[in-house]
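# Structure at a glance
Next come the chains, spelled out residue by residue.
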Amino acid sequence: MRIVSLAGGIGGARFLRGLKAAAPDAEITVIGNTGDDITLFGLRVCPDLDTVMYTLGSGINEEQGWGRADESFTVKEELAAYEMEPQWFGLGDRDFATHIVRSQMLAAGYPLSQVTEALCVRWRPGVRLLPMSDDQTETHVVVSDEGGRRAIHFQEWWVRLRASVPAEQIVLVGADDARPAPGVLEAIRDADFVILPPSNPVVSIGTILQIPGIRTALEEKTVVGVSPIIGGAPVRGMADACLTAIGVSTSAQAVLELYGSRLVDGWLVAEQDKGVSLDGVTVEARPLLMDSPEATRDIAAAALTLATTLQA
Ligand code: FO1
């Protein structure tokens, strides 16, 4: 069985762990969001790719859902001693090694997809991890505060401001000129079906869908999504702030309509959202809290069962 899954940050990576447990013999290709990527201290940081790689490779800081386990922050402290900015992004010593290897390979001319493949030789995530594109794109957020109206990097809005300042616009810079990374369209074409994890529908899944060609390719496939919103609130993260920024209400119904029935064939919602419906989409209600590996595996298994049913 060949499965393709679009993944963003913490929720997506955790869901993928359940997907692997639910389909241990499947060939899983993960198309990772790179809109969160940022260059810091001359190093290219790819948060969503690293979160998937570390989570599935058992190197993740489990409580945080990002960064490495058993971390130390000596380099970060030394950079702060030199009054280097930014100091609001927590890069750990072990994590720095990943960004040094990645930056060295990128500087040598390797595309991000080959760099990611090389990093995964060590981490062995048990899935094929592809960046959505080898072309550099970045999510920037337009805000107005005492500094006036300006665009800031998504990470500054997300980490330094904790999305406390309304995002007037969320823009994927470079989207129009970006091409799907090698293997992305082929993986979608060859997949038995596609699963959309409960990742952020705007800055993770939504970002991947903005790469020209990806949404069109997905519309040809059987796609089952898992709602990231339970009972009007995101389970984790700040998807509500992102949805508000694009004028979409924070509900399982609104996210399903955002994705649309051309893209999504099946939609898993939590029991309190069982009234959700959209023509052309099979909606199924079940517990959606990924509060244990078993619960996560069961949610992924339900998505696979629904996809198999719809495929028939
Ligand atoms: N998130 C935070 O809330 N605070 C941080 O200091 C932080 C550092 C960080 C370093 C490396 C990395 O891969 C991720 C990091 N994140 C941090 C998470 C990151 O902002 C999010 O994982 C994604 O960009 C959104 O899903």
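Heads up: the structure comes first, above all this text.
Residues numbered from 1 in each chain as written. Predicted model: local features only at pLDDT ≥ 70, side-chain atom pairs only at ≥ 80, totals over all residues. Heavy atoms only, no water.

## Quick word on the site of the ligand
To keep it simple, the criterion reads: Being near a molecule or strand, for a residue, comes down to having at least one heavy atom within 4 Å of it. Throughout this description, a polar contact denotes any pair of N or O atoms lying within 3.5 Å of each other; where both atoms belong to protein, one of them has to be capable of donating a hydrogen while the other can accept it, and for residues adjacent in sequence the pair is counted only when both atoms sit in side chains. Segments assigned H or I by DSSP are reported as helices when at least four residues long, segments assigned E as strands when at least two residues long, and all are numbered from the N terminus. Note on residue classes: Ala, Val, Leu, Ile, Met, Phe, Trp, Tyr, Cys and Pro are nonpolar, Asp, Glu, Lys and Arg are charged, and everything else, Gly too, is polar.
Taken together, 13 residues sit near the ligand, with Asp36, Pro47, Gly90, Gln155 and Arg162 positioned nearest. The separation between an oxygen atom of the ligand and a polar side-chain atom of Gln155 is 2.7 Å. In the model, an oxygen atom of the ligand is placed 3.2 Å from a nitrogen or oxygen of the Arg162 side chain. Secondary structure elements with two or more residues in the shell around the ligand: helix H2 (47-56) and helix H6 (154-160). Considering each element in turn, the shell around the ligand owes the most residues, 3 residues, to H6. Split into classes, the residues belonging to the shell around the ligand amount to 6 nonpolar, 3 polar and 4 charged.

## So, the packing of aromatic side chains
Just so we agree on the cut-off: For Phe, Tyr and Trp, rings pair up if their centres lie within 6.5 Å, where Trp contributes its six-membered ring, and each pair is then called stacked (planes under 30 degrees apart), edge-to-face (over 60) or tilted (otherwise). Here the term buried applies to any residue with accessible area under 20% of the maximum for its type, exposed to any over 50%, and partly exposed to those in between, with areas from a 1.4 Å probe on protein chains only. The criterion is that NZ of a Lys, or CZ of an Arg, lies within 6 Å of the ring centre and within 35 degrees of the ring normal, and then a charge sits over that ring.
Per the stated rule, a full pass over the model turns up 6 aromatic pairs. When the centroid spacing of 6.5 Å and the interplanar angle of 45° are considered together, the rings of Phe41 and Phe96 count as tilted. Residue Phe41 is located in the loop between strand S3 (38-40) and strand S4 (43-45), and its partner Phe96 is located in helix H4 (residues 93-107); the two are separated by 55 residues in the primary sequence. Residue class for Phe96 comes out buried when judged on its relative accessible area of 6%. Ring centres 5.7 Å apart and planes at 80° place the aromatic pair Tyr259 and Trp267 in the edge-to-face group. With respect to burial, Tyr259 and Trp267 carry one shared label: buried. Each residue in the set Phe154, Trp157 and Trp158 is aromatic and connected to the rest through ring pairs, giving one cluster. The ring centre of Tyr54 lies 5.6 Å from the NZ or CZ of Arg68, which sits over that ring.

## Quick look at the pattern of salt bridges
To keep it simple, the criterion reads: Salt bridges are defined as contacts in which a side-chain nitrogen from Lys or Arg sits within 4 Å of a carboxyl oxygen from Asp or Glu.
Enumeration over the complete set of coordinates arrives at 12 salt bridges. Ionic pairing is found between Asp50 and Arg102, a salt bridge with its closest N-O pair at 2.4 Å. Of this pair, Asp50 sits in helix H2 while Arg102 sits in helix H4, and the two are 52 residues apart along the sequence. Each member of the pair Asp50 and Arg102 is classed as buried. Across the pair Asp145 and Arg150 runs a salt bridge whose closest N-O atoms are separated by 2.6 Å. According to the relative accessible area criterion, Asp145 is buried, its value standing at 18%. For Arg150, a relative accessible area of 27% puts it in the partly exposed group. Three or more residues are tied together by salt bridges with common partners; here these are Arg14, Arg17 and Glu62.

## Let's talk about the packing of helix H1 (residues 10-22) against helix H12 (residues 293-311)
Spelled out, the test is: For helices, the axis comes from a line fit to the C-alpha atoms of the stretch in contact; other axes are also lines fit to C-alpha atoms, and the angle between any two N-to-C directions lies between 0 and 180 degrees. Working rule for angles: under 35 degrees goes down as roughly parallel, over 145 as roughly antiparallel, 65 to 115 as roughly perpendicular, anything else as oblique. By convention, the crossing between two helices is left-handed when the near helix turns anticlockwise from the far helix through less than a right angle, and right-handed when the turn is clockwise. Should any heavy atoms of two residues lie within 4.5 Å, those residues are considered in contact.
Two elements in contact, H1 and H12, have axes whose closest approach is 7 Å; the angle formed by their N-to-C orientations is 70°. Compared by their axis directions, H1 and H12 come out roughly perpendicular. Of the two possible hands of crossing, H1 and H12 adopt the one that is right-handed. Between H1 and H12, the contacting residues are Arg14, Phe15, Gly18, Leu19, Ala21 and Ala22 on the first element and Thr296, Arg297, Ile299, Ala300, Ala301 and Leu304 on the second. Residue composition of the contact of H1 with H12, grouped by class: 8 nonpolar, 2 polar and 2 charged.

## So, H12
As a reminder, the rule being used: Multiplying 1.5 Å by the residue count of a helix minus one yields the expected span of that helix.
Between the first and last C-alpha of H12 there are 27 Å, a value that for 19 residues agrees with the 27 Å anticipated at 1.5 Å per step. All of the buried residues along H12 are Ala295, Thr296, Ile299, Ala300, Ala302, Ala303, Leu304, Leu306 and Ala307. If you follow the buried residues of H12, they end up packed against strand S1 (2-7), H1, strand S9 (193-196), strand S10 (223-226), strand S13 (266-269) and strand S14 (282-285).

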